[in-house]
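What the coordinates show
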Amino acid sequence: LAKTTQPISMDSYEGQEVNITCSHNNIATNDYITWYQQFPSQGPRFIIQGYKTKVTNEVASLFIPADRKSSTLSLPRVSLSDTAVYYCLERRYNFNKFYFGSGTKLNVKP
Amino acid sequence: DTGVSQDPRHKITKRGQNVTFRCDPISEHNRLYWYRQTLGQGPEFLTYFQNEAQLEKSRLLSDRFSAERPKGSFSTLEIQHTEQGDSAMYLCASSSPPTGTENTEAFFGQGTRLTVV
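Below is a short write-up of the structure. Since we're looking at a predicted model, the values are computed, not measured. (Residues numbered from 1 in each chain as written. Chains lettered and ligands numbered in written order. Predicted model: local features only at pLDDT ≥ 70, side-chain atom pairs only at ≥ 80, totals over all residues. Heavy atoms only, no water.)

1. Some remarks on the overall build of chain B
Of the regular secondary structure elements, chain B holds zero helices and eleven strands. Start at the N end of chain B and walk to the C end: the helices and strands fall as β-β-β-β-β-β-β-β-β-β-β. In terms of C-alpha radius of gyration, chain B reaches 14 Å, essentially the compact-globule figure of 13 Å for 117 residues. In terms of overall dimensions, chain B has C-alpha extents of about 45 × 25 × 25 Å along its principal axes. Looking at the 117 residues of chain B, the share that counts as buried comes to 48%. Taking all contacts inside chain B whose residues are at least 6 apart in sequence as the whole, residues at least 24 apart take part in 54%. Here chain B has roughly 5900 Å² of accessible surface; of this, 44% comes from carbon and sulfur atoms. (Helix = DSSP H or I, 4+ residues; strand = E, 2+ residues; numbered from the N terminus. Rg over C-alpha atoms; globule rule 2.2 N^0.38 Å. Buried < 20%, exposed > 50% of the residue type's maximum accessible area, 1.4 Å probe, protein only. Contact = heavy atoms within 4.5 Å. Areas by Shrake-Rupley, 256 points an atom, 1.4 Å probe, with all protein chains shown as cover.)

2. Observations concerning the environment of I27 of chain A
Residue and element names in this part refer to chain A. Here I27 is to be found in the loop between β2 (18-23) and β3 (31-38). Along the primary structure I27 and K3 are separated by 24 residues, whereas in three dimensions their C-alpha atoms are 8.0 Å apart. Beyond its immediate chain neighbours, meaning those up to four positions away, I27 contacts I33, R68 and E90.

3. Topic: the pairing of β2 of chain A
All names here are of chain A. Residues V18, I20 and C22 point to one face of β2 and are all buried, whereas N19, T21 and S23, pointing to the other face, are not buried. Here β2 runs beside strand β7 (residues 70-75); their pairing, made up of six bridges, is antiparallel. The partner of T21 across the bridge, within β7, is T72. (Pairing = 2+ DSSP bridges.)

4. Brief notes about the packing of aromatic side chains
Applying the stated rule across the entire model yields twelve aromatic pairs over all chains. Taken together, a centroid distance of 5.8 Å and an interplanar angle of 85 degrees make the contact between Y36 of chain A and F108 of chain B edge-to-face. Here Y36 of chain A is found in strand β3, whereas its partner F108 of chain B is found in strand β10 (residues 107-108) on a different chain. Note on Y36 of chain A: relative accessible area 0%, which makes it buried. An angle of 40 degrees between the planes, with centres 6.5 Å apart, marks the rings of F65 of chain B and Y90 of chain B as tilted. You can see F65 of chain B sitting in strand β7 (residues 65-68) and its partner Y90 of chain B sitting in strand β9 (residues 88-95), a full 25 residues away along the chain. An identical accessibility class is assigned to F65 of chain B and Y90 of chain B; each is buried. For R68 of chain A, the ring lying beneath its charged end belongs to Y51 of chain A, and the centroid distance is 3.9 Å. If you follow R22 of chain B out to its NZ or CZ, it ends over the ring of F74 of chain B, 3.9 Å from the centre. (Phe/Tyr/Trp six-rings, centres within 6.5 Å; stacked < 30°, edge-to-face > 60°. Lys NZ or Arg CZ within 6 Å of the ring centre and 35° of its normal.)

5. A short note on the state of the cysteines
All names here are of chain A. The full count for this structure, using the stated rule, is two disulfides over all chains. Across a sulfur-sulfur distance of 1.9 Å, C22 and C88 are joined as a disulfide pair. Residues C22 and C88 are joined by a disulfide whose S-S torsion is about 60 degrees; by sign, that bridge is right-handed. Taken as a pair, C22 in strand β2 and C88 in strand β8 (residues 84-92) lie far apart in primary sequence, 66 residues in all. Classification of C88 by relative accessible area gives buried; the value is 0%. (Disulfide = S-S within 2.5 Å.)

6. A look at the sheet that holds strand β3 (residues 19-24) of chain B
All names here are of chain B. Strand order in the open sheet formed by four strands is β1-β3-β8-β7, and the pairing between neighbours is antiparallel. Pairing within the sheet leaves two strands with one partner each, and these edge strands are β1 (5-7) and β7. The sheet shows a mean angle of 15 degrees between the axes of neighbouring strands, taken without regard to direction. In this sheet, β3 lies alongside β1 in antiparallel orientation, the contact comprising three bridges. Looking at the pairing, S5 lines up with D24 of β3. (Axes fitted to C-alpha atoms, helices over the stretch in contact; angles between N-to-C directions.)

Just distances and angles here, no functional claims.
As structure tokens, then:
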């Protein structure tokens, strides 16, 4: 069972910053927060992972508050090609299975 | 690094037939996962291998489903006596063991889309 909650869909325009928030009400101490992106007819692609505070890579930033009950994926200056489904997951350290929820469908408009 | 490769990309079969899918993980990855995804839903975990050992199986994996990874490299997923409810995208992923204190990312293949008619 997916343990996270995230909006079903979001709309944005090209060039805007998009923030997608996920709830982790039952996150465990050993769980990492991981985000994936999926385009139609393709497998999910890893975006970013974090445990607490802020993580940034060349694609996105991930903000995790001190209580770790939520996480926010921030996509700077989105383009049409960022239209995809975004999944937040809780992935236990060295644990072998991880669960996807239904994801957030991001629609970027011109 | 050629990524995770799955074959075939598409399969159409008649109800009651058996089908087999193949997954070639990234060569140095010892962990391999199978997931199933239906339209509008997130991927659902099916099974997990560490090297050649199948260590986890979901309740979703009925007796008609069997997965193998005979030499700890490629893996096959077989579905016997297919049903229309088996129509889905079957995804394979691989990863290396965690390093230090962090999980390593799982790389997914492009999937095999199965249609049972």
